[in-house]
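Each chain, letter by letter, is given below.
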Amino acid sequence: MLEITQLRKTYRDKREQVYALDGIDLAVKKGEFLVLLGPSGCGKTTTLRSIAGLERPDEGEITIDGQPVYAAAQHIFVPPEKRPISMVFQSYAIWPHLSVYDNVALPLKVGHRRLEQEEREKRIKEVLALLGLESLADRKVTALSGGQQQRVSLARAIAQRPKVLLMDEPLSNLDYKLRVRLRSELKALMHQLELTTVYVTHDQEEALAMGDRIAVMNQGKLIQLGTPREIYQQPLTEFVARFIGEMNFISGTVRQIDQDEVHLETALGNLVGKVPKDGQRPVVGQKRTLGIRPTDIDMIPEQTAEARGDQVAGTIVSAQYLGESIDYTVQAGPITLQVKTHHRLVFQPNDCVTLQFDPKYAIVIEPDDETGWGKRHE
Ligand code: ADP
Ligand code: MG
């Protein structure tokens, strides 16, 4: 439905060149809810604005439903108002002097999206009902809460029946509880409407909760594209692993490879992990990093440990009680590990423990500094 090929955009900031987009390739399927996730400044907004036509890239191509809206080589640049998209911004960008109804109506009164009065009224009624705004139709938008204002901006975007809906951190200005509620509402709504959506956020929890797929970006590059589960369980790089939650990293050297199990020699002895789907298979002798989530390390009192799997001896350094869970810092040889346990599993500082690493949940990835990711091309 939406295809982006080798998109590049450079800003000249005084004398410095900023590579805002450094060769982005991305294909969004019809009806898909795709989340663009990455730290501030990684190029999410520039990507979205390029799709919308609010930004003119330097190189590459963008097609919507098979029609190019931007193609550097053919000098094609379709202006924003002629692209079949609508956009929702973090700041709502609604007209403060107009009512809820008129905010939704205005784009349907002029230009390419103009509808005859009867059809327009029907469309607006439908959309206001869909977003639970009927009773507020005559209200000035300044007399609404933040959550309601964002609903108006969403209603306005949906009423235009875009082929692609673009949203740039639409929930960031709302408080946590409301954000969590709107998250699931919004996702259900987009699926109900079968609307192709590109949704930008820097919030990993939001991305995991909402995305059909997540595209993780860093420094103008797309690092990994996959389902929330793939991104969380099989990150391709240390950057992705760190950005989506927490992970322990243990560096080692590849000693043996059995099918998809990689044996690493590490400061904690031999540890076994798997190469993530889409990951590069290493060869014996290469440096690799074993990644394991704090929740995927089993911790048991030293004396009750049965010999099995990869076991490592450790000592509890500190504990942080978080209600549902407890975060432990554990010293294992020269390595400090984070282990998260159920709140009922209580250890004290200086307790000796046995840590078990399940190879199913340990991943073997390339150390970040060797992948070339995040480096800028000249
Ligand atoms: P994000 O939305 O992921 O936070 P942006 O797409 O806004 O990131 O920005 C990507 C990079 O481009 C950043 O380094 C930002 O400072 C830079 N940038 C964005 N817009 C401009 C501009 N108009 N002029 C100069 N640099 C810009
Ligand atoms: Mg942004």
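Residues numbered from 1 in each chain as written. Chains lettered and ligands numbered in written order. Predicted model: local features only at pLDDT ≥ 70, side-chain atom pairs only at ≥ 80, totals over all residues. Heavy atoms only, no water.

Quick notes on the overall build of the protein
We apply this condition: Each helix is a run of H or I in the DSSP string that is no shorter than four residues. Each strand is a run of E no shorter than two, and both are numbered from the N terminus. With a 1.4 Å probe rolled over the protein chains alone, any residue whose accessible area is under 20% of its type maximum counts as buried; one over 50% counts as exposed, and the rest are partly exposed. To measure how exposed things are, a 1.4 Å probe is used in the Shrake-Rupley method; for residues, cover is taken only from the protein chains shown. A residue counts as positive if it is Lys or Arg and as negative if it is Asp or Glu; His and the chain ends are not included. One atom stands in for each charge, and that atom is NZ of Lys, CZ of Arg, CG of Asp or CD of Glu.
A tally of regular secondary structure across the protein gives 9 helices and 21 strands. Principal-axis analysis of the C-alpha atoms gives the protein an extent of 80 × 50 × 40 Å. Counting over 378 residues, the protein shows a buried share of 50%. Taken as a whole, the protein presents about 18,500 Å² of accessible surface, with 47% of it coming from carbon and sulfur. Of note, the protein has its 47 positive side-chain charges centred 6 Å away from the centre of its 51 negative side-chain charges.

Considerations on the site of ligand 1
Quick reminder of the rule: Whether a residue is near a molecule or strand depends on its heavy atoms: it is near if one of them lies within 4 Å of it. Nitrogen and oxygen atoms within 3.5 Å of one another constitute a polar contact, given that in protein one can donate a hydrogen and the other can accept it, and given that sequence-neighbouring residues count only through two side-chain atoms. When residues are sorted by character, Ala, Val, Leu, Ile, Met, Phe, Trp, Tyr, Cys and Pro go into the nonpolar class, Asp, Glu, Lys and Arg into the charged class, and all the rest, Gly among them, into the polar class.
If you check the shell around ligand 1, you find Tyr 11, Val 18, Ala 20, Pro 39, Ser 40, Gly 41, Cys 42, Gly 43, Lys 44, Thr 45 and Thr 46 and nothing else. At a separation of 2.8 Å, an oxygen atom of ligand 1 approaches a polar side-chain atom of Thr 45. Surface burial for ligand 1 is 63%, taken as the share of its 570 Å² of free accessible area covered by protein chains. In terms of residues, the shell around ligand 1 owes the most to one element, helix α1 (residues 44–52), which gives 3 residues. Residue composition of the shell around ligand 1, grouped by class: 5 nonpolar, 5 polar and 1 charged.

Points about the environment of Pro 282
Heads up, the rule is: By the convention used here, residues are in contact when the closest approach between their heavy atoms is within 4.5 Å.
Among the secondary structure elements, Pro 282 is positioned in the loop between β14 (269–274) and β15 (287–292). Here Pro 282 is in contact with Val 254, Ile 257, Val 262, Val 275 and Arg 288, once residues within four sequence places are set aside.

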